[in-house]
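Each chain, letter by letter, is given below.
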Amino acid sequence: MELSRRGLFNWSVGAIAAAAVGGATWKARAAQFFEGALPWRSAAPGNQRWVMLIDLAKCDGCGECTRACNKMHYVPPRQEWIKVYEVADNPAAGPYYLPRPCMHCDNPPCVRACPVGATFKRTDGIVIQDNDRCIGCRMCIAQCPYDARAFNWAEPPHTPEELAQPYSPDYMYPHRQGTVEKCGFCPHMLAEGKLPVCASACTMGAVYFGDELEDAVTNAKGETLQLSKVAKKGAGYRLLEELGTEPRVYYLPPANRKYPAPGDKVSHVTFYRETPV
């Protein structure tokens, strides 16, 4: 069937209008079950603006950050909240390791996509997932450009220790079928004045964490860096920042590595390989 240019335009306008009405209807129905504005949820307990810095020159791909996170949060199998990728940008430069937690964006697409307010941005910079409100629509997953969210298609395996805890968005367990989960920067650890478990478990001291307002980040070895200075001097960058998501995770490039390059040693860790585009 042939379609004229005018007909195609009219069809497109109709489709966009239908999608807008559908989205409004979805949110209207959700409002019948959930309270609309919940300003108290976004208020953090302190005045910090949390930020993470990962020095790729120090990351040896050991995977301790992933294992520590999995253990603390009882993360279901193959749904790691922080993944370590082996990245090869080009043949000449050689591969390197890149840990990828949630980016806790200041302009988070996931928050805008959620029709029921199950994911929201706190005043301290952390993006929280509340599975007491999650309806499993997975719109947040579709909008996240970092693949940092996972969905429980089936009932996750549980341990008595996990089930003994009451659910809290701060640590997002016990896990539930039909809900989304992700890295949360360990708010319960921050409340105790501790580093997130991925940072404290990093034996190479590659993961730094701190308060952007104090312009300081610290690793598990007690080394403290001035964030603005090291990011500028060390050519710091953020993943896919050209999308305007404003991630709160910074990276230092893998220059002058402190470890053997991938392929120069045999690793006991199974990595998620990222193929260059």
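Within each chain, residues carry numbers counting from 1 in the order of the written sequence. At least 70 in pLDDT is required for a residue's local features to be given in this predicted model, at least 80 for side-chain atom pairs to be given and counted, and no such filter applies to totals for whole chains, interfaces and linings, which use all residues. Processing note: side-chain calculations cover all non-hydrogen atoms of the structure and skip hydrogens and water entirely.

(A) Fine view of helix 2 (residues 64–73). For helix 2, every residue scored as buried is listed here: C65, T66, A68, C69 and H73. All buried residues of helix 2 fall inside an arc of 165 degrees around its axis, so they share one side. By definition in these notes, contact holds between two residues if any of their heavy atoms fall within 4.5 Å. A run of DSSP states H or I qualifies as a helix once it reaches four residues; a run of E qualifies as a strand once it reaches two. Both are numbered from the N-terminal end. If you follow the buried residues of helix 2, they end up packed against strand 2 (83–87), helix 6 (187–190) and helix 7 (197–201). Looking one or two residues past helix 2, Y74 carries a phi angle of roughly 50 degrees, positive in sign. For every residue, the accessible area obtained with a 1.4 Å probe (protein chains only) is divided by the maximum for its type, and the residue is called buried under 20%, exposed over 50%, and partly exposed between those limits. Directions drawn from the helix axis to the C-beta atoms are what define this arc.

(B) The arrangement of the pairing of strand 11 (residues 249–252) in detail. Both faces of strand 11 are covered, namely the face carrying V249 and Y251 and the face carrying Y250 and L252. Looking at chain direction, strand 1 (residues 50–55) and strand 11 are connected through 4 bridges and run parallel. When the sheet's bridge partners are listed, L53 is paired in strand 11 with Y250. A pair of strands counts as paired when DSSP detects no fewer than two bridges linking them.

(C) Geometry of the sheet that holds strand 10 (residues 224–226). Taken in spatial order, the 5 strands line up as 10-9-8-1-11 in an open sheet, and their pairing is mixed. The open sheet has two edge strands, strand 10 and strand 11, and neither has a second partner. In this sheet, neighbouring strand axes are inclined to one another by 30 degrees on average, regardless of whether the strands run parallel or antiparallel. As defined by bridge partners, strand 1 adjoins strand 8 (residues 207–211) across 5 bridges and the pair is classed as antiparallel. Pairing of M52 across the sheet is with F209, part of strand 8. Each axis is a line fitted through C-alpha atoms, taken for helices only over the stretch in contact, and angles between the N-to-C directions span 0 to 180 degrees.

(D) Structural context of the environment of V197. Looking at where V197 falls in the secondary structure, it is placed in helix 7. Accessibility expressed as a relative area gives 10% for V197, which makes it buried. When the C-alpha positions of V197 and T66 are compared, they lie 9.2 Å apart, and in sequence the two are 131 residues distant. Not counting residues up to four positions away in its chain, the partners in contact with V197 are A68, C69, M72, H73 and C186.

(E) Spotlight on the side chain of Q79. Within the secondary structure, Q79 is located in the loop between helix 2 and strand 2. By relative accessible area, which is 14% here, Q79 ends up buried. Beyond its immediate sequence surroundings of up to four residues, Q79 is in contact with A150, F151, N152 and E181.

(F) View of the packing of aromatic side chains. What counts as a ring pair is set by centres within 6.5 Å for rings of Phe, Tyr and Trp (its six-membered ring), and what kind of pair is set by the plane angle: stacked under 30 degrees, edge-to-face over 60, tilted for all other angles. Per the counting criterion, the structure on display carries 6 aromatic pairs. Plain terms: the ring middles of Y74 and Y173 are 4.9 Å apart, the flat faces sit at 80 degrees to each other, and that makes the pair edge-to-face. With a gap of 99 residues between them, Y74 in the loop between helix 2 and strand 2 and Y173 in the loop between helix 5 (160–163) and strand 7 (180–182) connect regions that are remote in the sequence. Given the relative accessible area of 24%, Y74 is considered partly exposed. Ring centres 5.0 Å apart and planes at 85 degrees place the aromatic pair F185 and F209 in the edge-to-face group. Taken together, the residues span a long stretch of sequence, with F185 in the loop between strand 7 and helix 6 and F209 in strand 8 at a distance of 24 residues. According to the relative accessible area criterion, F209 is buried, its value standing at 3%.

(G) The arrangement of the pattern of salt bridges in detail. The term salt bridge refers to a side-chain nitrogen of Lys or Arg lying within 4 Å of a carboxyl oxygen of Asp or Glu. Counted by the stated rule, this structure contains 12 salt bridges. When the shortest N-O distance is used, the salt bridge between E223 and K58 registers 3.2 Å. One end of the pair, E223, is in the loop between strand 9 (216–218) and strand 10; the other, K58, is in the loop between strand 1 and helix 2, with 165 residues separating them in the sequence. Residue classification places E223 among the partly exposed positions, given a relative accessible area of 34%. Here K58 falls in the buried class, since its relative accessible area comes to 14%. Linking E241 and R238 is a salt bridge whose minimum nitrogen-to-oxygen distance equals 3.1 Å. The class for E241 is partly exposed, based on a relative accessible area of 33%. Overlapping salt bridges bring together R49, D106, K121, E212 and R248 as one network.

Coordinates in, geometry out; function isn't part of it.
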